[in-house]
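Understanding the architecture of this molecule
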Amino acid sequence: GQRLACLDRQLVRLEGTLAGLRRLVSERPELLVDRLDEVGDYLPDPERCEAAPLLERRHLLPSDPALLATIDALESERALVEGRFDGDKDYEAAHTAGEALLARARASEFDPLIAEVLLLVAQIDYERAREDTAGAERRLSEAAWTAQRVGHDEVLVDAAATLVRVLAVTGRLEPARLWAELGRATLARLDADSPAEAELLLALAELEGAEGDFEGA
C-alpha cells in the first residue's frame, strides 16, 4: 500500500543520490570527499514511511485511481531530483529538472503535490543563488500558503523553517519571527517525531543567533 510506495520513493531518492555521487567521481573527483562528509545528512529517512506520518498524509491522497497513479509517478520523480541534488549539488541541473517537474505538478492541479514541488524548487533556488533570494522566497511563500490551504502541515512547517533561515540571515527579523510563529503553531498538529520538527528547531536557532548579531550591532 502507501507504506511500500513511500519506501519505493525513499529508494529512488537514494538511487538519485548515488547517481549524483557517481557524476562527481567522473567529473569533479576533487569534490567527492567534501560531499561524502555532508551527504549523510541528506540520506533518505525510512521513518517518514512509518504508520503515524502516513496517517497524517492520508487525507492528502486523491480518490481518483488515474490521478493517484500520476501523483505516484511525479512523487518518484521528485525523489529522484531531490536525491541527485543531495548527491552532486549541481545547482543548474537541479534547477532545470525542478522547473520541469513543477510544470508537470501544476498541470496535475493537485495542490498537495504542487506544494511539495514548490518547496523543493525553492530550496534548490536558494542554494543556487544565495545573493538573490527573492525568487526562492516567492516560491517558499507559495509553497507555504498552498500547503496551508490543503492541510499539508509538514510542507508548511518545512517552508516556514526555510523562510525563517533565509530572512534571518539577511537581518529581516520581524518577518522571520512571524514565519517562526506559524511554523510553531503548525508543528503542534504533527506527530511528535516529525522530521519537520528538526528543520524548524535548526531555523529557530539560526534566528536566535541572528537576533543577537543584528540587534546587538
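What comes next is a walk through the structure. (Residues numbered from 1 in each chain as written. Predicted model: local features only at pLDDT ≥ 70, side-chain atom pairs only at ≥ 80, totals over all residues. Heavy atoms only, no water.)

**Structural notes on the packing of helix 6 (residues 111-128) against helix 8 (residues 153-169)**
Quick reminder of the rule: Axis lines are fitted through C-alpha atoms, for helices just across the contact stretch, and the angle between N-to-C directions can take any value from 0 to 180 degrees. A run of H or I in DSSP becomes a helix once it reaches four residues, and a run of E becomes a strand once it reaches two; helices and strands are each numbered from the N terminus. For classification purposes, an angle smaller than 35 degrees is called roughly parallel, one larger than 145 roughly antiparallel, one from 65 to 115 roughly perpendicular, and anything else oblique. When the near helix sits turned anticlockwise from the far one by under a right angle, the crossing is termed left-handed; a clockwise turn instead gives a right-handed crossing. The contact rule is simple, with two residues in contact once any of their heavy atoms fall within 4.5 Å. In this classification, Asp, Glu, Lys and Arg are treated as charged, Ala, Val, Leu, Ile, Met, Phe, Trp, Tyr, Cys and Pro as nonpolar, and every other residue, Gly included, as polar.
Their axes nearest at 10 Å, the elements helix 6 and helix 8 cross at an angle of 20°. Relative to helix 8, helix 6 is oriented roughly parallel. The element helix 6 and its partner helix 8 pack so that their crossing is left-handed. On the side of helix 6, the interface is formed by Ala115, Glu116, Leu119, Gln123 and Tyr126, while helix 8 contributes Val155, Asp158, Ala159, Thr162, Val166 and Val169. Among the residues making up the contact of helix 6 with helix 8, the classes are represented as seven nonpolar, two polar and two charged.

**Brief notes about the nonpolar core**
For clarity, the cut-off: Only buried Ala, Val, Leu, Ile, Met, Phe, Trp, Tyr and Cys residues count toward a nonpolar core, and they belong to the same one when joined by side-chain atoms within 4.5 Å. Note on exposure labels: buried denotes an accessible area under 20% of the residue type's maximum, exposed denotes more than 50%, and partly exposed covers the range between, all computed with a 1.4 Å probe on protein chains only.
Counting 48 residues, the largest nonpolar core has Leu113, Val117, Trp179 and Leu207 as its most contacted members. At the level of secondary structure, the elements contributing two or more residues to this core comprise helix 4 (65-88), helix 5 (91-108), helix 6, helix 7 (134-150), helix 8, helix 9 (173-187) and helix 10 (195-215).

**Some details on the pattern of salt bridges**
Counted only if it meets this: Salt bridge criterion: a side-chain nitrogen from Lys or Arg within 4 Å of a carboxyl oxygen from Asp or Glu.
Under the defined criterion, the tally for this structure stands at 16 salt bridges. Close ionic contact of Arg177 with Glu211 constitutes a salt bridge, the shortest N to O distance being 2.8 Å. On the criterion of sequence distance, the pair formed by Arg177 in helix 9 and Glu211 in helix 10 is long-range, its members being 34 residues apart. Looking at Glu211, the relative accessible area reads 22%, which means it is partly exposed. Its salt-bridge partner being Arg184, residue Glu181 comes within 2.3 Å of it at the nearest N-O pair. Of this pair, Glu181 and Arg184 are both found in helix 9, three residues apart, which corresponds to roughly one turn of the helix. For Glu181, a relative accessible area of 46% corresponds to the partly exposed category. We classify Arg184 as partly exposed; its relative accessible area is 40%.

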